[in-house]
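A closer look at the structure
Spelled out, the chains give:
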Amino acid sequence: MIPAVTAVRMSGAAHRAELPLLVLGPSLGTTAATLWGEAATHLTDAFDVLAWDLPGHGHNRPVPEEPFDLAALAAGVLSVVDEVLLQRDEVGASFSYAGDSVGGAVGLQLLLDAPGRVRDAVLLCTGARLGEPAMWRGRAAQVSLSGTQVLVAGSTERWFAPGFTDRRPEVASALLRALSETQDEGYAAVCGALATYDVRDRLGEIAVPVLAVAGSADPATPPALLREVAEGVRDGRLVVLDDVAHQAPAEAPERVARLVREHALGEAPASPAFTRAFQELLGESGWDAVWARPGLDRRSRSLIALTALVARGHHEQLAEHVRGALRDGLTVGELEELLVQTAVYCGVPDADAAFRVVQRVLLGEGHEP
C-alpha cells in the first residue's frame with residue numbers, strides 16, 4: 001500500500017524551473033506550511049521548494065484504509081516528486097532533501113530505497129529508529145480513542161525549547177493547531193508506520209552527503225540519535241542547535257535555512273570579516289568603554305553581563321561571555337550560583353536553558369560541570 005502524498009509548492013511560479021529542486025518533509029502532526037513556511041522564505045531565492053503533507057495532515061486529506069510502512073510512504077513521496085520533475089522536463093533527476101522527524105526518517109528511507117535520486121540530505125530531529133514499537137502503537141490507540149487534541153498539552157513540552165512559546169506564541173499556536181486539526185486516522189496510520197521503522201543496520205549503505213541536525217533541548221530525538229546517523233553513513237556530519245527542541249525548522253528558521261544552503265549549495269558560512277564593521281561599531285558605541293571603567297572589576301562585570309544575557313535569552317552570546325568569565329577568574333561554583341539565582345529573578349525556563357548552554361561550554365573548555 002503506497003499512500004497518497006500531497007505536494008505543497010512553496011516557490012512562486014516565476015523562474016522556479018531554473019532553480020535546483022529542494023524537497024521538504026514534515027514532522028508528525030504538523031503541516032508543510034506551519035513547519036517550513038518561515039524557513040522557506042530564506043530558501044526560495046536559491047531553490048524550487050517543494051514540500052509535502054502526510055496522509056490526514058494539512059492539504060492531504062485521504063487516509064489509506066490499509067496499513068503502510070515508511071518504505072511505502074517514501075515511495076509515495078518519490079511519486080509526487082517525479083510528477084513535479086516531469087513538469088520541469090527533468091524525468092528521473094536527482095534533488096536535494098531536508099526533513100524533520102518523520103520527514104527526516106522518510107529522507108533516510110529515500111536514500112536507501114532510491115539510490116541516486118537524492119543528491120544531498122539535511123535530516124533534522126530524527127533517527128534511524130524512532131522510539132519503541134509499543135510506544136507508537138499506544139500513541140495510535142490513544143488518538144483513535146480520544147483524538148489528536150489529547151496530544152496538544154504533551155506536545156507543547158516535547159516540541160519546543162523552554163521559553164519558545166513565550167518568544168514566538170504565533171508559531172507555537174499554529175503548529176499546535178495543525179496537530180489538533182490532523183485527522184485521527186492519518187495520525188494513527190503514521191504511528192503504525194513508525195512502529196516498524198528501523199534502518200540502523202543499513203546506514204552504511206548511504207554514500208551521499210548527509211547533514212544530521214539535532215536540537216540541544218529535544219527530548220524526543222536527542223542529539224545521540226542524530227550522532228548515530230552522522231557516524232553511520234559514509235559521509236555524515238552532525239550539527240547541534242542550541243535552544244532548539246523537536247521542531248527545528250519552525251524554532252530556528254534562519255539557522256536551518258542557512259544549514260540547508262551551506263550543505264546543498266556549498267555556500268560558505270558567514271565569515272568574521274562580514275561582521276567586522278558591526279563589531280567595531282559596537283565597540284565604539286560603549287562595550288569597550290564599559291569594560292574599561294574602574295568602578296567594578298571584570299569579574300563583577302562578567303556576573304552582571306551573564307545575568308542580563310540569561311534574562312534576555314541571548315544564548316549564543318551567553319556562551320561567549322561564559323568563556324570570557326572563566327578567563328577573568330570566575331569559578332565553576334560561582335557560575336552555578338549565578339544561574340541558581342537567575343532561576344528566581346529571571347524565571348526557571350530561562351535559567352534551565354542557560355544551564356544547558358553553560359554546561360556545554362564547560363565541557364568544551366575541559367571543566368567539570
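The preceding data block contains the structure.
So, here's what we can say about the structure. (Residues numbered from 1 in each chain as written. Predicted model: local features only at pLDDT ≥ 70, side-chain atom pairs only at ≥ 80, totals over all residues. Heavy atoms only, no water.)

**Details of the sheet that holds strand E2 (residues 21–25)**
Taking strand neighbours across the sheet as the criterion, the seven strands line up as E1-E3-E2-E4-E5-E6-E7 in an open arrangement whose pairing is mixed. Looking at which strands have only one partner, the edges of the open sheet turn out to be strand E1 (6–9) and strand E7 (236–241). Averaged over all pairs of adjacent strands, the angle between strand axes in this sheet comes to 20°, irrespective of strand direction. Across the face of the sheet, helix H11 (residues 253–265) comes into contact with E2, strand E4 (95–100), strand E5 (118–124), strand E6 (210–215) and E7 while running at roughly 155° to E5. (Pairing = 2+ DSSP bridges. Helix = DSSP H or I, 4+ residues; strand = E, 2+ residues; numbered from the N terminus. Axes fitted to C-alpha atoms, helices over the stretch in contact; angles between N-to-C directions. Contact = heavy atoms within 4.5 Å.)

**Things to note about the nonpolar core**
One finds Trp52, Leu70, Val81, Phe95, Tyr97, Val106 and Leu108 to be the most contacted residues of the largest nonpolar core, which totals 92 residues. The greatest single-element share of this core, amounting to 10 residues, is contributed by helix H2 (residues 70–87). (Core = buried A, V, L, I, M, F, W, Y, C linked by side-chain atoms within 4.5 Å. Buried < 20%, exposed > 50% of the residue type's maximum accessible area, 1.4 Å probe, protein only.)

**Re the pattern of salt bridges**
Tallied over the entire structure, the rule returns 17 salt bridges. In this structure, Arg168 engages Glu38 in a salt bridge whose closest nitrogen and oxygen atoms are separated by 3.0 Å. With a gap of 130 residues between them, Arg168 in the loop between helix H6 (164–167) and helix H7 (169–181) and Glu38 in helix H1 (residues 32–40) connect regions that are remote in the sequence. With relative accessibility at 24%, the residue Arg168 sits in the partly exposed group. With relative accessibility at 34%, the residue Glu38 sits in the partly exposed group. (Salt bridge = Lys/Arg side-chain N within 4 Å of Asp/Glu carboxyl O.)

**Some thoughts on the pairing of strand E3 (residues 48–53)**
In terms of burial, E3 is largely enclosed, as six of its six residues are buried. Side chains Asp48, Leu50 and Trp52 of E3 all project onto a buried face; the interleaved residues Val49, Ala51 and Asp53 project onto the opposite face, where all are buried too. Pairing analysis gives four bridges linking E1 to E3, with the strands arranged antiparallel. When the sheet's bridge partners are listed, Thr6 is paired in E3 with Asp53. When E2 meets E3, the two strands line up parallel, connected through four bridges. Note that in E3 the partner of Leu24 across the bridge is Ala51. In this fold, the crossover linking E2 to E3 by way of H1 has right-handed handedness. (Right-handed = clockwise from strand over helix to strand, strands pointing away.)

**Topic: the packing of helix H4 (residues 133–146) against helix H8 (residues 184–195)**
One can describe the packing of H4 onto H8 by two numbers: an axis separation of 8 Å at closest approach and a directional angle of 170°. As summarised for this structure, H4 and H8 are arranged roughly antiparallel, according to the angle between their axes. The segment H4 lies against H8, with Pro133, Trp136, Arg137, Arg139, Ala140, Val143 and Ser144 engaging Asp184, Tyr187, Ala188, Cys191, Leu194 and Ala195. Here the contact of H4 with H8 is composed, by residue class, of nine nonpolar, one polar and three charged. (Parallel < 35°, antiparallel > 145°, perpendicular 65-115°, else oblique. Nonpolar A, V, L, I, M, F, W, Y, C, P; charged D, E, K, R; others polar.)

**A short note on the side chain of Thr342**
Mapped onto the elements, Thr342 comes out in helix H15 (residues 332–345). Overall, Thr342 belongs to the buried group, its relative accessible area being 2%. Not counting chain neighbours up to four residues away, the residues in contact with Thr342 comprise Thr307, Val310, Gly347 and Ala351.

**Comments concerning H7**
With 13 residues, H7 should reach 18 Å at 1.5 Å per residue; the first-to-last C-alpha distance of 18 Å fits that figure. Buried residues of H7: Val171, Ala172, Ala174, Leu175, Leu176, Ala178 and Leu179, and no others. At its buried positions, H7 is contacted by H1, helix H5 (152–159), H6, H8 and helix H10 (248–251). (Expected span 1.5 Å × (residues − 1).)

**Here's the deal with the packing of aromatic side chains**
Here the structure, examined in full by the defined rule, presents two aromatic pairs. Centroid distance Trp159 to Phe160: 6.1 Å. Interplanar angle 85°. Geometry classified as edge-to-face. On the basis of relative accessible area, Trp159 is assigned to the buried category, the value being 5%. Take Phe160: its relative accessible area is 4%, and that puts it in the buried class. Judged by centre distance (5.4 Å) and plane angle (25°), the rings of Phe160 and Phe164 are stacked. The buried category is assigned to Phe164, whose relative accessible area is 2%. (Phe/Tyr/Trp six-rings, centres within 6.5 Å; stacked < 30°, edge-to-face > 60°.)

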